[in-house]
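One letter stands for each residue in the lines below.
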Amino acid sequence: FLLSLFNWQHNIKFYLSDHYFLKAARALSQENWPPVLENYQKILAYQPDTPSYRQKFAMYLWHGIKFYSDKNSKEKILEMAVNLMEGIPKKERDFEVNAYLAKILTDINIYQENPDYAKTEKAFEYSASLSPQMAGIYNDWCQFEMTRTDYERAKQMCLKALSLYANSDDPFIGYDQAQPLKDEMSQVYKKLGDIYSITGKNKEAVENYKTSLRFDPKMIATYKSIGDVYYKEGNLDEALKYNLHGYTLNPNDPNWPFAIALLYQEKGDMIKAREYGQKALELNSKDSEVKKFLEGLK
């Protein structure tokens, strides 16, 4: 009887945990953050040590930092995510836990006054030791090295990632596999473009940004990055060309027409500057900087 009672209670806990997990997942899909936390508190009350629930909650927390505006809250949420993952014994962790732990540690460095870069590096080293041929690890590692401004090391990691990715044009790779692969490679080339831009290698920066766009033309922010490089070189015509293209792809973002207005002002074309400044104001009527810009045009 006691054994049957124990099994019944055990099964009830799993049933309730699954019930609250589904509610948490539904709330997250609806961008409704408080119920996510509420339901996960109930899940962990029933299953505090179950690795799969701890892992999933940590990943939810990582995605959930977008719901917080201040730095301290973001840091605390990420710390909670790290604690959940580190609470899973290493022998019970699947590869995804270790990979996401390294990514979360990378992000938490941004919000800490004294980042523990050594801890993050060890996390990447451990992930790489488990799966040394997985390109995505080095893609994420590149981001970490950029976070701590070691751009030479970041470049090495990006190049390592590119050397391991499969050929996305291989006819034996289906679309469902090829497109995510292209998206990841686009991210790596974008990072390489950023690295070269930051280190003053403008030609290499533009080449990598353009390669990034060949893999994923939807990376709209990359058009701005190319325009910024040309602006640094004093090539206002090319800078305008890429900003105008970005604006065409994303006409509801007021940052594009304002950037274009500023470029036209620098070129001395005040008619165009006012035209695009007005477009920016129409998209965001409360932007005091755009209002000041328009008032200052002669």
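Data block above holds the structure.
Residues numbered from 1 in each chain as written. Predicted model: local features only at pLDDT ≥ 70, side-chain atom pairs only at ≥ 80, totals over all residues. Heavy atoms only, no water.

Concerning the overall build of the chain
Here is step 1: When helices and strands are tallied, the chain shows 15 helices and 0 strands.
Here is step 2: Overall, the C-alpha framework of the chain stretches about 90 × 45 × 45 Å when taken along its three principal axes.
Here is step 3: Relative to its 298 residues, the chain shows a buried fraction of 44%.
Here is step 4: Long-range contacts, defined as pairs at least 24 residues apart, comprise 50% of the intrachain contacts of the chain with a sequence gap of at least 6.
Here is step 5: Working note: accessible area of the chain is about 16,600 Å², and carbon and sulfur atoms make up 52% of it. (Helix = DSSP H or I, 4+ residues; strand = E, 2+ residues; numbered from the N terminus. Buried < 20%, exposed > 50% of the residue type's maximum accessible area, 1.4 Å probe, protein only. Contact = heavy atoms within 4.5 Å. Areas by Shrake-Rupley, 256 points an atom, 1.4 Å probe, with all protein chains shown as cover.)

Some words on the packing of aromatic side chains
Aromatic rings considered in pairs are described by the distance between their centres and by the relative angle of their planes.
Here is step 1: Taken as a whole and judged by the stated rule, the model has 18 aromatic pairs.
Here is step 2: Ring geometry for Phe-21 and Tyr-40: centres 6.4 Å apart, planes at 90°, overall edge-to-face. One end of the pair, Phe-21, is in helix H1 (residues 2-29); the other, Tyr-40, is in helix H2 (residues 33-46), with 19 residues separating them in the sequence.
Here is step 3: On the basis of relative accessible area, Tyr-40 is assigned to the buried category, the value being 0%.
Here is step 4: Pairing Trp-33 with Tyr-68 gives two aromatic rings, centres 6.5 Å apart and planes at 90°, and the pair type is edge-to-face. With Trp-33 in helix H2 and Tyr-68 in the loop between helix H3 (51-64) and helix H4 (71-86), this pair connects stretches of sequence that are 35 residues apart.
Here is step 5: Here the aromatic cluster, defined as three or more aromatic residues joined through ring pairs, consists of Phe-21, Tyr-40, Tyr-53, Phe-57 and Tyr-60.
Here is step 6: Directly above the ring of Tyr-126 sits Lys-90, whose terminal nitrogen or CZ lies 4.1 Å from the centroid. (Phe/Tyr/Trp six-rings, centres within 6.5 Å; stacked < 30°, edge-to-face > 60°. Lys NZ or Arg CZ within 6 Å of the ring centre and 35° of its normal.)

Topic: the state of the cysteines
Here is step 1: This model, assessed by the stated rule, comprises 1 disulfide.
Here is step 2: Two residues share a disulfide in this structure: Cys-142 and Cys-158, whose sulfurs sit 2.3 Å from each other. Between Cys-142 and Cys-158, the S-S dihedral sits near -70°, and the bridge is therefore left-handed. Placement of the pair is Cys-142 in helix H7 (residues 135-147) and Cys-158 in helix H8 (residues 151-164), with a sequence separation of 16 residues. Across the pair, Cys-158 and Cys-142 agree in class, each one buried. (Disulfide = S-S within 2.5 Å.)

Here we look at the packing of H4 against helix H5 (residues 95-111)
Here is step 1: The interhelical angle for the contact between H4 and H5, taken along N-to-C directions, is 155°, at an axis separation of 9 Å. When the axes of H4 and H5 are compared, the pair comes out roughly antiparallel. Once H4 is placed against H5, the crossing between them reads as left-handed. The residues of H5 that touch H4, namely those facing Lys-71, Lys-74, Glu-75, Leu-78, Glu-79, Ala-81, Val-82, Met-85 and Glu-86, are Val-97, Tyr-100, Leu-101, Ile-104, Leu-105, Asp-107, Ile-108 and Tyr-111.
Here is step 2: A breakdown of the residues in the contact of H4 with H5 according to their chemical character gives 11 nonpolar, no polar and 6 charged. (Axes fitted to C-alpha atoms, helices over the stretch in contact; angles between N-to-C directions. Parallel < 35°, antiparallel > 145°, perpendicular 65-115°, else oblique. Left-handed = near helix turned anticlockwise from the far one by under 90°. Nonpolar A, V, L, I, M, F, W, Y, C, P; charged D, E, K, R; others polar.)

A short note on the environment of Met-59
Here is step 1: Relative to the elements of secondary structure, Met-59 occurs in helix H3.
Here is step 2: Judged by its relative accessible area of 9%, Met-59 is buried.
Here is step 3: Residues Met-59 and Glu-31, spaced 28 residues apart in sequence, show a C-alpha to C-alpha distance of 15 Å.
Here is step 4: Ignoring any residue separated from it by four or fewer positions in sequence, one finds Met-59 in contact with Met-85, Glu-96 and Tyr-100.

Things to note about the nonpolar core
Here is step 1: By size, the foremost hydrophobic cluster in this structure holds 85 residues, and its most contacted members are Tyr-40, Met-85, Trp-141 and Tyr-165.
Here is step 2: Take this core: its biggest share by element is 8 residues, from H5.
Here is step 3: If we skip the residues at most four places from it in the chain, Tyr-165 touches Ala-135, Gly-136, Asn-139, Leu-181, Glu-184, Met-185 and Val-188. (Core = buried A, V, L, I, M, F, W, Y, C linked by side-chain atoms within 4.5 Å.)

Brief notes about the packing of helix H13 (residues 255-267) against helix H15 (residues 288-296)
Here is step 1: For the pair H13 and H15, interaxial distance at closest approach is 12 Å and the crossing angle is 25°. Considering the angle they form, H13 stands roughly parallel to H15. Of the two elements, H13 crosses H15, and the hand of that crossing is left-handed. Two secondary-structure elements touch here, H13 through Phe-258, Ala-261, Leu-262 and Gln-265 and H15 through Glu-289, Val-290 and Phe-293.
Here is step 2: When the residues that make up the contact of H13 with H15 are grouped by side-chain class, the tally is 5 nonpolar, 1 polar and 1 charged.

Side note on H7
Here is step 1: Given a rise of 1.5 Å per residue, 13 residues ought to cover 18 Å, and the 19 Å separating the end C-alpha atoms of H7 matches this to within 8%.
Here is step 2: Once H7 finishes, Thr-149 follows within two positions and takes phi at roughly 60°, a positive value. (Expected span 1.5 Å × (residues − 1).)

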